[in-house]
Amino acid sequence: MRRVVDARGSFCPGPLTELIKAYKSAEAGDEIELLATDPGAKSDVSAWAKKSGNEVLEIKDEQGYFRIVVKVVRKGR
Amino acid sequence: MTPKRIAVVGGGTGGTLLANKAVSLLRSEVSSGRVEVHLFADSSEHVFSPGNIDIAFRGAEPSSFRRPERNLLDRRVLLHERAVERVNLEERAVYVDSERLNYDYLVIATGSVARPDAISGLKETSYNFHTGQEDARRTWEALQRFNGGRVLVLTNIPHKCPPSPVEAAFLVEELMRKRGIRERVEVLFATPYARAYPAAAIAEVVEPLMEERGIRLYTMFNTDYVDPKERKVYSLEGEEIGFDLLITVPPHRGADVVFKSEIGDEEGWVAADKETLRHPKFDDVYVVGDATNIPISKSGVVAHLEAIVAAENIAADYLGTGKVYCYTGRINCPLELGGSRAVFVAATYERPPSRQRPSLMKYLMKRAFPAVYWEMLRGRVDPVFDLYLGKPYKVKGVGGA
Ligand SMILES: Cc1cc2nc3c(=O)[nH]c(=O)nc-3n(C[C@H](O)[C@H](O)[C@H](O)COP(=O)(O)OP(=O)(O)OC[C@H]3O[C@@H](n4cnc5c(N)ncnc54)[C@H](O)[C@@H]3O)c2cc1C
């Protein structure tokens, strides 16, 4: 399943909050498509995915925002 | 003729201002009885929640941050000191004590609730200052009893007031120095974000100060569960941290009434357009403050500004002016850094927060805020802020841009 999370315009608390919310209710194998305008989003999401053992499938510059697709590989315990 | 009814659910920061503002924008309609503004509040007392910081970390007296709700309202607001059981958006009705009140406009301003019970082991092992004044007081008492060891300030998302966890860490550290036991205390700060504060420009200020004060930082730590026996917190990312004293900002959820009425998402946030604050499916329903699903900080400033915008939109709709008020996403949250210094996290939907130098002036502004708050609920202070910061909305439609 792919879920689109629109976090455009969010700088505080920012896109990672929205991504993690979607992640908590996702199943392994799901994809989360995050839309963001926060310049920190690309590096934050990549760092978080690396640490949490999930996978960034795509980072794309759209007009005025980024599209970041994360595949949920691993979930907690 | 039956009057048009505006029903506001929730007498907190957003709901109180909204009710007052609706009365002032529709003054002659309300005076002549053509419009009624009903406010439902589940408590007769209004609590200034930011005061919880002073209660938990400075031992302040809780009663100084409470006022009777009635005294904060225009006398023409019809206050019902009762909890709404559920709302039915299709029927355009609010249910209270099994009675039904039909509305023409509904405003959901039911806020957010800190839920330490949402994470296994968290409630029984932690102290927090987001579940109310009593728990804030208990946090203060626990900090007074603490005689050395490891204090962990643990952030969970989503939560209201983004600065509050960082403030807690700085103030705990400061308190331990004041108590003269700093050398026996380790202060740890864990956050789900990639840095100490979600906005990069603010983290650049916070992180060096944490290092300077010896506060150890753990990033990208999303609590999975707490083991009460081991006194350890485990993260979804696979890390663990042990503690002697756990102070947490619990994850938040929407109000009970949102779940009962089945009008929110899985965490209980109600959908709203981020500019007009209108519900996407019901054009007579507005949502303001912490209750919304808008990806913006859950803060008093946002609740306040959204209440202004929603009240303007309701008045414009009722009067048929054709104007639509659009919130700019302005935020302006004080963040205290210990040592009598603070910064303000200021942004809009289009402009990220910029870097700032911590100052005594900003700290003094923050400390003066409780006195101003009660006046703000009447909408009396906004002209001053507008002078410095501009209007929190853009106007579209007739006569607008
Ligand atoms: C420790 C702390 C520090 C903070 N510091 C700051 C700060 O410095 N700056 C800032 O801007 N914000 C700060 N905040 C956040 C701020 O207090 C909230 O974001 C703000 O109060 C949200 O306003 P609201 O109207 O959406 O919700 P609230 O003010 O929480 O009001 C919601 C009200 O609705 C009531 N309610 C719920 N369900 C029902 C029902 N069924 N029937 C009737 N009533 C109901 C609730 O009891 C509550 O009174 C802080 C919060 C905390 C806890």
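Before reading further, recall that the structure is shown in the block above.
Note that the structure is a prediction, hence the values are computed from the model and not measured.

A. Quick peek at the sheet that holds strand E13 (residues 185-190) of chain B. All names here are of chain B. Within the open sheet, the five strands sit side by side as E11-E18-E12-E13-E14. Their pairing is parallel. Both outer strands of the open sheet, strand E11 (126-127) and strand E14 (215-218), are each paired with one neighbouring strand and no more. Relative to E14, E13 runs parallel, the two sharing four bridges. The residue of E14 that forms the bridge with Ala190 is Tyr218.

B. The pairing of strand E12 (residues 149-155) of chain B, seen in detail. Residues and elements named next belong to chain B. Buried residues dominate E12, accounting for five of its seven residues. Note that E12 and E13 share six bridges and pair parallel. Bridging across to E13, Val151 finds its partner in Val187. Read as a crossover between parallel neighbours, the route from E12 over helix H6 (residues 164-178) to E13 is right-handed. Here E12 runs beside strand E18 (residues 245-249); their pairing, made up of five bridges, is parallel. Within E18, the residue paired with Val151 across the bridge is Leu245.

C. Seen up close, helix H2 (residues 41-52) of chain A. Residues and elements named next belong to chain A. Compared with the 16 Å implied by 1.5 Å per residue over 12 residues, the 16 Å span of H2 between its first and last C-alpha is a close match. Here H2 has its buried residues at Ala41, Asp44, Val45, Trp48, Ala49 and Ser52. All buried residues of H2 project into a common sector of 125 degrees when viewed along the axis, lining one side. At the C-terminal side of H2, Gly53 shows a positive phi close to 75 degrees.

D. Spatial organisation of the pattern of salt bridges. All names here are of chain A. Per the counting criterion, the structure on display carries 40 salt bridges over all chains. Between Arg67 and Glu62 there is a salt bridge whose closest N-O contact spans 2.8 Å. Judged by relative accessible area, which is 19%, Arg67 ranks as buried. Overlapping salt bridges bring together Arg2, Glu31, Glu33, Lys60, Glu62 and Arg67 as one network.

E. Summary view of the packing of helix H1 (residues 13-25) of chain B against helix H9 (residues 300-319) of chain B. Residue and element names in this part refer to chain B. Taken N-terminus to C-terminus, the directions of H1 and H9 make an angle of 30 degrees; their axes are 8 Å apart at the nearest point. Put simply, H1 runs roughly parallel to H9. Of the two possible hands of crossing, H1 and H9 adopt the one that is right-handed. On H9, the residues touching Thr13, Gly14, Leu17, Leu18, Lys21, Ala22 and Leu25 of H1 are Gly300, Ala303, His304, Ala307, Ile308, Ala310, Ala311, Glu312 and Ala315. Taken together, the residues of the contact of H1 with H9 break down into 10 nonpolar, four polar and two charged.

Thresholds, definitions, all that
- Residues numbered from 1 in each chain as written.
- Chains lettered and ligands numbered in written order.
- Predicted model: local features only at pLDDT ≥ 70, side-chain atom pairs only at ≥ 80, totals over all residues.
- Heavy atoms only, no water.
- Pairing = 2+ DSSP bridges.
- Helix = DSSP H or I, 4+ residues; strand = E, 2+ residues; numbered from the N terminus.
- Buried < 20%, exposed > 50% of the residue type's maximum accessible area, 1.4 Å probe, protein only.
- Right-handed = clockwise from strand over helix to strand, strands pointing away.
- Expected span 1.5 Å × (residues − 1).
- Arc of directions from axis to C-beta.
- Salt bridge = Lys/Arg side-chain N within 4 Å of Asp/Glu carboxyl O.
- Axes fitted to C-alpha atoms, helices over the stretch in contact; angles between N-to-C directions.
- Parallel < 35°, antiparallel > 145°, perpendicular 65-115°, else oblique.
- Left-handed = near helix turned anticlockwise from the far one by under 90°.
- Contact = heavy atoms within 4.5 Å.
- Nonpolar A, V, L, I, M, F, W, Y, C, P; charged D, E, K, R; others polar.

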